[in-house]
Amino acid sequence: MAAMAGWRSAARTGEETLPTDTTTARREPTRSAASDAGPSRRGALAALFAAAALPALAPSSARAAAVAGAVRPEDEGFMRVALEQAALAEFPFGAAIVVDGVLQAKGHNLGRGDPTAHGEMTAIRSFIADKGPAGLKGATLYTSGEPCSMCMSAIIWCGIGRVVYAASIAELSTVIGQIQIPCAEVAERTPFATVEITGGVLADEAMALFRR
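What you see is a predicted model, and the numbers here were worked out from it, not measured in a lab.

Asks: Is there a simple way to explain unusual backbone geometry in this structure?
Replies: A negative phi angle characterises most non-glycine residues, just as the trans form characterises most peptide bonds. Even without being a glycine, Asp-100 presents a positive backbone phi close to 50°. With respect to the helices and strands, the residue Asp-100 is situated in the loop between strand 4 (94–99) and strand 5 (102–108). Even without being a glycine, Leu-202 presents a positive backbone phi close to 55°. Within the element layout of this structure, Leu-202 appears in the loop between strand 8 (194–198) and helix 8 (203–210). Look at Leu-202 and you get buried, because its relative accessible area is 13%.

Written out as structure tokens, the structure is:
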């Protein structure tokens, strides 16, 4: 939370009135308008700060995590499907979606005609058009390049549980423009899901496509 400038209370204390007959009268300070009006401005601002701080008190376990996953025996085979899709595209981004070890959908970047039609997005759209969105829960998505922030957000919203990519954003940036937000950072900033991420599977083969 950004720091806020300090403040000074607007209330001023009243002046005391001295009676002429000091034997019978006592000093009674006049009450300020601010004290009659209720809580001071300082108190109100303190309450505001306390309310704003409440989200920070939430348990750390409420935060999501990008879980680094090990390469599995089946990963190379399904990644080759993604690379085959990538080879069809002007920009070689291809993706494949697998559920319970079975290939369910695939897609590739559709080029300049639709800037949102990245390989991951076309694979997701193909899956939903054929099977509906519910089947994506817990699925694994393979992609020739690390998902950009748009695609990673779509992956999370769909409930896909694992992402396997070939070339990283850092590697892709050597040959093509990339938004410099790792997919793991998007996952870490998501408070309602945990995504397993495995990178570097057949990265050299993927980079060969980008350099062609």
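Asks: What am I meant to see in the layout of surface pockets here?
Replies: Rolled over the atoms, a probe as big as a water molecule pinpoints where empty space is left. Of the volumes computed, that of the largest pocket is approximately 310 Å³. Taken together, 20 residues form the lining of the largest pocket, with Phe-93, Asn-109, Pro-115, His-118 and Gln-178 sitting closest to its centre. Residue composition of the lining of the largest pocket, grouped by class: 10 nonpolar, 6 polar and 4 charged.

Asks: Teacher, can you tell me more about the confidence of the model for the chain here?
Replies: A low pLDDT score tells you not to read the predicted coordinates there in detail. With 69% of its residues at a pLDDT of at least 70, the chain reaches an overall mean of 79. Residue range residues 1–40 is modelled with pLDDT below 50. Its contacts to residues more than four positions away, or to other chains, number 23 contacts. Taken as a whole, residues 43–63 scores under 50 in pLDDT and shows 8 contacts with residues more than four places along the chain or in a different chain.

Asks: Any chance you could explain the pairing of strand 7 (residues 162–167) here in plain terms?
Replies: Note on strand geometry: in a regular strand, side chains alternate between the two faces of the sheet. Across the 6 residues of strand 7, 6 count as buried, placing the element largely inside the fold. Where strand 6 (residues 140–145) and strand 7 come together, 5 bridges link them in parallel fashion. In the sheet register, Leu-141 faces strand 7, and the bridge partner there is Val-163. Crossover connection from strand 6 via helix 5 (residues 149–158) to parallel strand 7: handedness right-handed. Sheet topology note: the strand 7/strand 8 ladder contains 3 bridges and is parallel. Among the inter-strand pairings, Arg-162 is bridged to a residue of strand 8, identified as Glu-196.

The rules we used
- Residues numbered from 1 in each chain as written.
- Predicted model: local features only at pLDDT ≥ 70, side-chain atom pairs only at ≥ 80, totals over all residues.
- Heavy atoms only, no water.
- Helix = DSSP H or I, 4+ residues; strand = E, 2+ residues; numbered from the N terminus.
- Buried < 20%, exposed > 50% of the residue type's maximum accessible area, 1.4 Å probe, protein only.
- 1 Å grid on protein atoms, 1.4 Å probe; cavity = no way out; pocket = protein on both sides within 12 Å on 5 of 7 lines; lining within 4 Å.
- Points joined across faces, edges and corners; volume = space filled by probe spheres on them.
- Nonpolar A, V, L, I, M, F, W, Y, C, P; charged D, E, K, R; others polar.
- pLDDT = per-residue confidence, 0-100.
- Contact = heavy atoms within 4.5 Å.
- Pairing = 2+ DSSP bridges.
- Right-handed = clockwise from strand over helix to strand, strands pointing away.

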